[in-house]
Amino acid sequence: QSALSMAPIWRFVSALVIALRPSLAYKNVKGEELEQCSGVGMALTGFTRSGECIDHNDDQGSHHICIDMASNTGGNFCTVTGQPDWCSSENMDCHGAPILRNCEVKHWCVCQWAFASYIENAGGCDKIKGVVCEATNMEAYNSYKVHAPASPRIQNALACLESQCGLT
C-alpha cells in the first residue's frame, strides 16, 4: 500500500497512543515529559488517580504540583492549608496495586492554590524542601506567571517553584 493510503491509520495509531498514555501530552516545569508523581509503595496520587499531576475540567484545585510530603517542615500540609487530614492517611490505594489499601501518602499532587497557601501560612518556601519538579505540571508554572502580578501569595509560590526547580 502507498504511504498516502496508510496516513489515516498512522493518525489513528498516534491518537490512540496519546489517549492511552496521557502524560505524553503534558510537560513538567522543565519543559520535559511529565513524570509520575507517585510510585510503587506509595499512595496513588493525582486528581485522576493515575499517579500523574494532571486534571480534568472539573478539577477546580488544579492538582499540578508534586511534593514529597515528608519534606514539609512547616507543619502538616493538610492542617496548615485548612483541609481534612488526608495527609496522614496510611490506608490509600497503592500505586501499581490499587486493590491494596495500605499505602501512605508520600509524593502527592497538591492543589497549586493550596501550595501557595502552605508557603504563606507555614512561613515561606524553605518549609517545603521537596518539590518533585519532574512530576510538577507546567500548567502550574504558567498559571502562576499569569496570576502573580495581582497576588503576593502567588508571586511567592511562583518564586518558590522557580527556586526549587532551578527555573530562574
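Scoring rules and cut-offs
- Residues numbered from 1 in each chain as written.
- Predicted model: local features only at pLDDT ≥ 70, side-chain atom pairs only at ≥ 80, totals over all residues.
- Heavy atoms only, no water.
- Helix = DSSP H or I, 4+ residues; strand = E, 2+ residues; numbered from the N terminus.
- Buried < 20%, exposed > 50% of the residue type's maximum accessible area, 1.4 Å probe, protein only.
- Contact = heavy atoms within 4.5 Å.
- Phe/Tyr/Trp six-rings, centres within 6.5 Å; stacked < 30°, edge-to-face > 60°.
- Salt bridge = Lys/Arg side-chain N within 4 Å of Asp/Glu carboxyl O.
- Disulfide = S-S within 2.5 Å.

(A) Here's a closer look at the overall build of the protein chain. When you go through the protein chain residue by residue, the secondary structure sums to five helices and two strands. When the helices and strands of the protein chain are listed from N to C terminus, the series reads α-β-α-β-α-α-α. A total of 168 residues make up the protein chain; the buried ones form 43% of that total. Considering only contacts in the protein chain between residues 6 or more positions apart, those separated by 24 or more positions represent 64%.

(B) Structural view of the packing of aromatic side chains. Scanning the model with the defined rule gives three aromatic pairs in all. When the ring of Trp113 is compared with that of Tyr144, the centres are 6.2 Å apart and the planes differ by 70 degrees; the resulting orientation is edge-to-face. Of this pair, Trp113 sits in helix H3 (residues 112–122) while Tyr144 sits in helix H4 (residues 138–147); the two residues are 31 residues apart in sequence, bridging distant segments of the chain. Overall, the relative accessible area of 0% leaves Tyr144 in the buried class.

(C) Region of the structure containing the side chain of Ser117. With respect to the helices and strands, the residue Ser117 is situated in helix H3. The residues touching Ser117, leaving out its near neighbours within four places in the chain, are Thr81 and Arg153.

(D) Main features of the pattern of salt bridges. What the rule picks out here adds up to three salt bridges. Here Glu134 ties to Lys30 by a salt bridge, and the two come within 3.5 Å at their closest N and O atoms. Residue Glu134 is located in the loop between H3 and H4, and its partner Lys30 is located in the loop between helix H1 (3–20) and strand E1 (65–68); the two are separated by 104 residues in the primary sequence. Residue classification places Lys30 among the partly exposed residues on the basis of a relative accessible area of 39%. A salt bridge links Arg101 to Asp93; the nearest nitrogen and oxygen atoms lie 2.7 Å apart.

(E) Representation of the state of the cysteines within the structure. Inspection of every chain in the model, using the stated rule, returns six disulfides. Through a disulfide, Cys125 is tied to Cys160; the S-S separation comes to 2.1 Å. Between Cys125 and Cys160, the S-S torsion sits near 70 degrees, and that sign places the bridge as right-handed. In this pair, Cys125 sits in the loop between H3 and H4 while Cys160 sits in helix H5 (residues 152–165), placing the two residues 35 residues apart along the sequence. Judged by its relative accessible area of 1%, Cys160 falls in the buried class. The disulfide bridge from Cys133 ends at Cys165, spanning 2.0 Å between sulfur atoms. Negative torsions about the S-S bond denote left-handed disulfides, and the value of about -90 degrees found for Cys133 with Cys165 makes this one left-handed.

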